[in-house]
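Okay, here's what each chain looks like letter by letter:
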Amino acid sequence: MNLSTTESLKELVHLPVIVSPMFLVSNTEMVIHACKAGVIGSFPALNARTEKILAEWMKQIKDELERYKKENPNKKVAPWAVNFIAHRTNKRYHEDLQLIKKYQPPIVITSLGDPSPVAQVVHEYGGIVLTDVINITFAKKAIEKGADGLILISAGAGGHGGTYNPISFVHEVRTFWDGPIVLGGGLSQGEDILAAEVIGADFVYMGSRFIPAEESAASDAYKKMVVDCGIEDIIYSDVFSGIHANYLIPSIVNAGIDPKQLENMKKEDLSKVGNADARAWKDILGAGQGIGAIQNQQSIAEIVEELEKDYLQARKKITEGQQFAMKK
Ligand SMILES: Cc1cc2nc3c(=O)[nH]c(=O)nc-3n(C[C@H](O)[C@H](O)[C@H](O)COP(=O)(O)O)c2cc1C
């Protein structure tokens, strides 16, 4: 598996999409079905509650994808990825890094902290490290610390979204980085992949689009809420986890909290406006601004098929438009 250049990485996938890691949502089924459908599947290492479970998950993904590849030699089976918190506050830092060394996920996505100790381990077995960043300072630091690619998290992303406009963010990073760029934040349709490519990104990071997938670990109520809601049902707040993230307003209301009062509040003030025990990600549910485009619950294979159809249609539309303009 050649992961060394943007082109060789793109060669390994059917569609340039990473099903992004989501706390309490991603599981082995999502990763396996995503990779079988030809897009990169990923999960946060901490979704496996113990190291023993993480070892089982990684073995299951690796074995199943190897078996599937042997049975389908002509099919593009995408590489899989694990998301690792590279900050020393990660209580399983050393243990999980050892498991990464053992099971060799082709791609390791680092969040927070210094990616260099992770890169050292991953490069030894021929894997690559993609680091997620929300600003230019972190992007430059990640490159300096040995990241092979950058994941730019822009405004509107589910979970801990950034604040930058995606177009400006990609353009500015491209002034100093010509390696792989993955763009995330509110992107959920096939044409969004083309839009990201047009502005200079190589891959799209999609999370929320896959929350209602049949294979996801989200509850039925959560899946339904994502399908039913749109951009106006999303709020960006740091009250619940201490870091700004995008959440579904109906889940805040369901937890007995008035969302209108969240502005300028701290976590300790939650009891004044409702339920002080409401837990981020469990009760207060995350999602990005792109959910308005999600119309129904589908399997991962169906979502990827739809993304591909819309991506190709958008490409055709633009090509035809260019021909029309040239004729005039
Ligand atoms: C419910 C939820 C949980 C998330 N958990 C994580 C996580 O554990 N680690 C991580 O790196 N990103 C996490 N994210 C962020 C996603 O990986 C990704 O940046 C985001 O989903 C992209 O934006 P989109 O949801 O608008 O597609 C989470 C996102 C959501 C919606």
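Residues numbered from 1 in each chain as written. Predicted model: local features only at pLDDT ≥ 70, side-chain atom pairs only at ≥ 80, totals over all residues. Heavy atoms only, no water.

Peer 1: Can you walk me through helix α5 (residues 116–124) in this structure?
Peer 2: Helical geometry: 3.6 residues make up each α-helical turn, so side chains three or four residues apart lie on a common side. Looking only at α5, the buried set comprises Val118, Ala119, Val121 and Val122. Viewed along the axis of α5, the buried residues span an arc of 165°, placing them on a single side of the element. The exposed residues of α5 that point more than 90 degrees off its buried face are Gln120 and Glu124. If you follow the buried residues of α5, they end up packed against β3 (80–85), α4 (93–103), β4 (107–111) and β5 (128–133). Once α5 ends, the next one or two residues include Gly126, with phi positive near 90°. (Buried < 20%, exposed > 50% of the residue type's maximum accessible area, 1.4 Å probe, protein only. Helix = DSSP H or I, 4+ residues; strand = E, 2+ residues; numbered from the N terminus. Arc of directions from axis to C-beta. Contact = heavy atoms within 4.5 Å.)

Peer 1: What is the right way to read the pairing of β5 from this model?
Peer 2: Within a regular strand, side chains alternate between the sheet's two faces. Most of β5 is tucked away, with five of its six residues classed as buried. Inspection of the sheet shows β4 paired to β5 by four bridges, in the parallel sense. Along β5, the bridge assignment pairs Ile109 with Leu130. In this fold, the crossover linking β4 to β5 by way of α5 has right-handed handedness. Relative to strand β6 (residues 149–153), β5 runs parallel, the two being bridged by four bridges. (Pairing = 2+ DSSP bridges. Right-handed = clockwise from strand over helix to strand, strands pointing away.)

Peer 1: What's the story with helix α12 (residues 300–327) in this structure? I'm lost.
Peer 2: For α12, which comprises 28 residues, the first-to-last C-alpha distance of 41 Å matches the rise-based estimate of 40 Å (1.5 Å per residue) to within 8%. Taken together, the buried positions of α12 are occupied by Ile300, Ile303, Val304, Leu307, Asp310, Tyr311 and Ala314. Here the buried face of α12 lies against α2 (28–36), α8 (190–198) and β8 (203–206). (Expected span 1.5 Å × (residues − 1).)

Peer 1: How should the site of the ligand be read in this particular structure?
Peer 2: Taken together, 23 residues sit near the ligand, with Pro21, Phe23, Gly186, Gly207 and Ser208 positioned nearest. Contact distances for the ligand include 2.8 Å between a nitrogen atom and a backbone N or O atom of Phe23. Burial of the ligand by the surrounding chains reaches 91%, relative to a free accessible area of 600 Å². Residues that form the shell around the ligand fall into these classes: ten nonpolar, twelve polar and one charged. (Near = heavy atom within 4 Å. Polar contact = N/O pair within 3.5 Å; in protein donor to acceptor, adjacent residues only side chain to side chain. Areas by Shrake-Rupley, 256 points an atom, 1.4 Å probe, with all protein chains shown as cover. Nonpolar A, V, L, I, M, F, W, Y, C, P; charged D, E, K, R; others polar.)

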